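# Observations on the model geometry
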Amino acid sequence: MSIRITPYAEANLQAVETLLDAAFGADRHQRTAYKLRIGLTPLPDLSFAAFDGARLVGVLQSWPVALDSDPLVLVGPVAVLPDAQQGGIGRAMMDALMRAAGRQPMVMIGDPEYYGRFFGFTADTTADWELPGPVERRRLLARHAGHLARPGVLHAFAPEHLSA
Ligand SMILES: CC(C)(COP(=O)(O)OP(=O)(O)OC[C@H]1O[C@@H](n2cnc3c(N)ncnc32)[C@H](O)[C@@H]1OP(=O)(O)O)[C@@H](O)C(=O)NCCC(=O)NCCS
């Protein structure tokens, strides 16, 4: 399998939706992470697709959010087609994100056994963050966010908020 990691813009939107349904189930829109993204579009420089030939096999989307007025990158969904999982595609997309994002603070809802082990995400700083829905605290993970270890409200942060 020869995998190509590309900017997210190269993915067909219908293929993205099909892939996300396959990885997370069609009820995924009820998740708290989706509520954080309402009204936003993926950050083009920090969102990626993975192709095996012409077939879309992986997607990583990132979004602009903030803890009160401090911006963070919300990472996720990170998804690989079930029949292509465990082959390094998730890690390759996350590596592309790490290279592009540098030391920008990031947040995600995911498995610490994966995102902690390979990418240094931790729930240590997020205990007092409020989200627009329920979250399993051990799965609310952040990276380069030590300065944000305080109570705060996490919310969508579209560019228009900057000039408000
Ligand atoms: C989670 C996901 C993105 C990982 O991508 P992937 O390409 O399948 O995994 P990779 O090949 O990059 O990594 C494989 C390694 O990570 C481990 N791993 C994969 N998913 C894991 C998880 N959810 N928790 C813990 N470890 C995990 C594997 O055991 C393997 O470890 P090893 O190298 O010691 O054998 C992908 O499996 C996926 O889309 N899953 C469905 C969505 C999901 O359940 N996501 C949960 C997190 S939000």
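Residues numbered from 1 in each chain as written. Predicted model: local features only at pLDDT ≥ 70, side-chain atom pairs only at ≥ 80, totals over all residues. Heavy atoms only, no water.

### Quick notes on the overall build of the chain
- When helices and strands are tallied, the chain shows five helices and eight strands.
- Starting at the N terminus and walking to the C terminus, you meet the elements of the chain as β-α-α-β-β-β-α-β-α-β-β-β-α.
- Radius of gyration (C-alpha) of the chain: 15 Å, near the 15 Å computed for a compact globule of 164 residues.
- With the C-alpha coordinates of the chain rotated into their principal frame, the extents come out at 45 × 35 × 30 Å.
- Taking all 164 residues of the chain together, the buried fraction comes to 45%.
- Taking all contacts inside the chain whose residues are at least 6 apart in sequence as the whole, residues at least 24 apart take part in 63%.
- Charge-centre separation for the chain: the mean point of 15 positive side chains lies 4 Å from the mean point of 17 negative side chains. (Helix = DSSP H or I, 4+ residues; strand = E, 2+ residues; numbered from the N terminus. Rg over C-alpha atoms; globule rule 2.2 N^0.38 Å. Buried < 20%, exposed > 50% of the residue type's maximum accessible area, 1.4 Å probe, protein only. Contact = heavy atoms within 4.5 Å. Lys, Arg positive; Asp, Glu negative; His and termini not counted. Charge placed at Lys NZ, Arg CZ, Asp CG, Glu CD.)

### Re the site of the ligand
- Taken together, 21 residues lie near the ligand, and Gly-88, Gly-90, Asp-111, Tyr-114 and Arg-117 sit nearest.
- Interatomic distance of 2.8 Å between a backbone N/O atom of Gly-90 and an oxygen atom of the ligand.
- One nitrogen or oxygen atom from the main chain of Arg-91 is found 2.9 Å from an oxygen atom belonging to the ligand.
- Surface burial for the ligand is 72%, taken as the share of its 870 Å² of free accessible area covered by protein chains.
- Of all the elements, helix α4 (residues 112–119) adds the most residues to the shell around the ligand, at five residues. (Near = heavy atom within 4 Å. Polar contact = N/O pair within 3.5 Å; in protein donor to acceptor, adjacent residues only side chain to side chain. Areas by Shrake-Rupley, 256 points an atom, 1.4 Å probe, with all protein chains shown as cover.)

### Quick look at the pattern of salt bridges
- A full pass over the atoms with the stated rule returns nine salt bridges.
- Where Asp-21 meets Arg-28, a salt bridge forms, and the shortest distance between an N and an O atom there is 2.8 Å.
- Arg-28 sits in the buried class, given a relative accessible area of 1%.
- Three or more residues are tied together by salt bridges with common partners; here these are Glu-17, Asp-21 and Arg-28. (Salt bridge = Lys/Arg side-chain N within 4 Å of Asp/Glu carboxyl O.)

### Describing the packing of helix α3 (residues 89–101) against α4
- Between α3 and α4, the least distance of the axes is 12 Å, while the angle of their chain directions is 55 degrees. With respect to their mutual orientation, α3 and α4 come out oblique. Crossing geometry of α3 relative to α4 is assigned as right-handed. Only Tyr-114, Tyr-115, Phe-118 and Phe-119 of α4 make contact with α3, whose side of the interface consists of Gly-90, Arg-91, Met-94, Asp-95 and Met-98.
- Class assignment of the residues belonging to the contact of α3 with α4 gives a composition of six nonpolar, one polar and two charged. (Axes fitted to C-alpha atoms, helices over the stretch in contact; angles between N-to-C directions. Parallel < 35°, antiparallel > 145°, perpendicular 65-115°, else oblique. Left-handed = near helix turned anticlockwise from the far one by under 90°. Nonpolar A, V, L, I, M, F, W, Y, C, P; charged D, E, K, R; others polar.)

### Concerning the environment of Leu-131
- Of note, Leu-131 is situated in the loop between β6 (129–130) and β7 (140–143).
- Taking the C-alpha atoms as reference, Leu-131 lies 7.2 Å from His-155; in sequence the two are 24 residues apart.

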